[in-house]
Amino acid sequence: MTTRTLDHLGRPLGVLRLSLTARCNLACRYCRPENQDPRTLLTHQQRLKLVGVAAQLGCRRLRLTGGEPLLAPGLVPLIQAVKALDLVEDVALTSNGVLLDRPLARRLKEAGLDRVTISLDGADPQAVLRMGGGHSFTQVLAAIGHAQAVGLPVKINMVVMAHGNGDQVVPMARLCRKLGVELRLIEYMDVGNRNGWRPQQVLTAAAMTARIARRWSLQPVGRRPGSTARRWRYLDGGGFVSTIASISEPFCGDCNRLRVTADGMAYTCLFASQGKDLKPALDPRQPDAVLMQQLGSLWRQRQDRYSEERASQQVNPAPRPRPVEMAYIGG
Ligand code: SAM
Ligand code: SF4
């Protein structure tokens, strides 16, 4: 039976973002992945149990992430099983695309994957190299084509650093229009410790859309409740572009995302420093009711609204405990 679980601020549990590994085959300037002992990863059965219980608490959507989820064992069988059991309405994947060749794209589609978001931070090989994406530009471009060819809807994530790839906003908008994919421009966020985040490195969503609007007229479409993205329509019929403005326009008020790391730590906010270890409750010998009780109580106690708090103290943000790294919590 499904119950709609609300947190302390009245927000429902809507999306489970499940990381499949903290490892990655790239080292983006803004992220910093980690090595993870494969023995710490949740098993297939534990992942399925988690998705099933989250669904019973009202969760309708699953996003598989990382680190780089295409490096993780068991991705395809997990999607297959979640879809076969009809646990959630929508299963999405966020990947850097490097390993996404045509056969894998086909297997993911056949397993039931609903859509994929591929990260790309520049419109040419040099720009991607500058951002820590190595020599991946051609492979990622090919990956977008493979996903499209097998019928997977694609969006592109681009993290924008003012002095890193700020010059790529318009070229990326042009590239994504040409490819027929929606570009999601993400403000550089202060997640983790290792990326040396500074407010001066943030290019705001307003500045990004102003640059694009000088070239193509844009009409605001707005942000759906529970979504991170504010969308804009190209008036010439060139599709959509969106912004994720966690720094300049926080959206904590309707945040419905639960994050679980590849080793079973649950976090109720991307900027959290402390998680709840679900591993004992995920043990297959424990009845689902134990996990249900723990996850339900974690969600009901949730009061996180870090981005809004940060925005209200912009001049002198209060020091906070060491936050977890992006590649660990999974974006
Ligand atoms: N490796 C996959 C990828 O890059 O798509 C999935 C994991 S990655 C942590 C998930 C998303 O978080 C990516 O789109 C990435 O660009 C974004 N991201 C990572 N660090 C970020 C930061 N400091 N600020 C904003 N977005 C960030
Ligand atoms: Fe890897 Fe994704 Fe982090 Fe880049 S953002 S280092 S691709 S996990």
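Up top is the structure these notes are about.
Residues numbered from 1 in each chain as written. Chains lettered and ligands numbered in written order. Predicted model: local features only at pLDDT ≥ 70, side-chain atom pairs only at ≥ 80, totals over all residues. Heavy atoms only, no water.

Engineer: Help me understand the pattern of salt bridges in this model?
Structural biologist: Opposite charge on two side chains allows them to pair when their charged atoms are near. This structure, assessed with the given rule, holds 15 salt bridges. The salt bridge involving Arg39 is made with Asp37; its shortest N-O contact spans 2.6 Å. When its relative accessible area of 74% is taken as the criterion, Arg39 is described as exposed. Put simply, Asp7, Arg11 and Arg302 are held in one network by salt bridges that share partners. (Salt bridge = Lys/Arg side-chain N within 4 Å of Asp/Glu carboxyl O. Buried < 20%, exposed > 50% of the residue type's maximum accessible area, 1.4 Å probe, protein only.)

Engineer: I tried to follow the packing of helix α1 (residues 44–56) against helix α9 (residues 288–301) on my own but got confused; where do I start?
Structural biologist: Angle between the axes and distance between the axes: these two values describe a pair of packed helices. Where α1 contacts α9, the two axes come as close as 10 Å, and the packing angle between them is 60°. The pairing of α1 with α9 is recorded here as oblique in orientation. Classified by chirality, the crossing of α9 by α1 is right-handed. Residues Lys49, Leu50, Val53, Ala54 and Gln56 of α1 pack against Asp288, Leu291, Met292 and Leu295 of α9. Each residue belonging to the contact of α1 with α9 can be placed in one class, and the counts come to 6 nonpolar, 1 polar and 2 charged. (Axes fitted to C-alpha atoms, helices over the stretch in contact; angles between N-to-C directions. Helix = DSSP H or I, 4+ residues; strand = E, 2+ residues; numbered from the N terminus. Parallel < 35°, antiparallel > 145°, perpendicular 65-115°, else oblique. Left-handed = near helix turned anticlockwise from the far one by under 90°. Contact = heavy atoms within 4.5 Å. Nonpolar A, V, L, I, M, F, W, Y, C, P; charged D, E, K, R; others polar.)

Engineer: What is the right way to look at the nonpolar core in this model?
Structural biologist: One finds Leu16, Leu64, Leu108 and Ile156 to be the most contacted residues of the largest nonpolar core, which totals 76 residues. If sequence neighbours within four positions are ignored, Ile156 has contacts with Thr117, Ile118, Leu120, Ile144, Met172, Cys176, Val181, Glu182, Leu183 and Arg184. (Core = buried A, V, L, I, M, F, W, Y, C linked by side-chain atoms within 4.5 Å.)

Engineer: How should I be thinking about the side chain of Ser307 in this particular structure?
Structural biologist: On the secondary structure map, Ser307 appears in helix α10 (residues 306–312). Owing to a relative accessible area of 5%, Ser307 belongs among the buried residues under this scheme. Of note is the side chain of Ser307, whose polar atom sits 3.3 Å from the side chain of Ser246. Beyond its immediate stretch of four places on either side in the chain, Ser307 contacts Ser246, Pro250, Cys252 and Phe271. (Polar contact = N/O pair within 3.5 Å; in protein donor to acceptor, adjacent residues only side chain to side chain.)

Engineer: I would appreciate a short explanation of the site of ligand 1 in the present structure.
Structural biologist: Every one of the 18 residues lining ligand 1 counts as a neighbour, but Tyr30, Gly67, Ser119, Asn157 and Met189 are closest to it. Ser119 is positioned with one of its side-chain polar atoms (N or O) 2.6 Å from an oxygen atom of ligand 1. One nitrogen or oxygen atom from the main chain of Met189 is found 2.9 Å from a nitrogen atom belonging to ligand 1. Calculation on ligand 1 without its partners gives an accessible area of 540 Å², and the protein chains cover 96% of this total. Listed by contribution, the elements that provide at least two residues to the shell around ligand 1 are β3 (90–95), β5 (154–160) and β6 (182–187). In terms of residue class, the shell around ligand 1 is built from 7 nonpolar, 9 polar and 2 charged. (Near = heavy atom within 4 Å. Areas by Shrake-Rupley, 256 points an atom, 1.4 Å probe, with all protein chains shown as cover.)

Engineer: Can you help me understand the site of ligand 2 in this one?
Structural biologist: Around ligand 2, a shell composed of Cys24, Leu26, Cys28, Tyr30, Cys31, Pro33, Gly67 and Asn96 is seen. Among the residues making up the shell around ligand 2, the classes are represented as 6 nonpolar, 2 polar and no charged.

Engineer: Looking at this structure, I do not really get the sheet that holds strand β10 (residues 257–260). What am I missing?
Structural biologist: Where strands meet in a sheet, backbone hydrogen bonds hold them as pairs that are either parallel or antiparallel. As summarised here, the arrangement of the 12 strands in space is β7-β8-β9-β6-β5-β4-β3-β2-β1-β10-β11-β12, forming an open sheet in which the pairing is mixed. The open sheet has two free edges, formed respectively by β7 (218–222) and β12 (276–277), since each of these has just one partner strand. Relative to β6, helix α7 (residues 205–213) is tilted by about 145°, and along the sheet it contacts β5, β6, β7, β8 (230–234) and β9 (240–244). (Pairing = 2+ DSSP bridges.)

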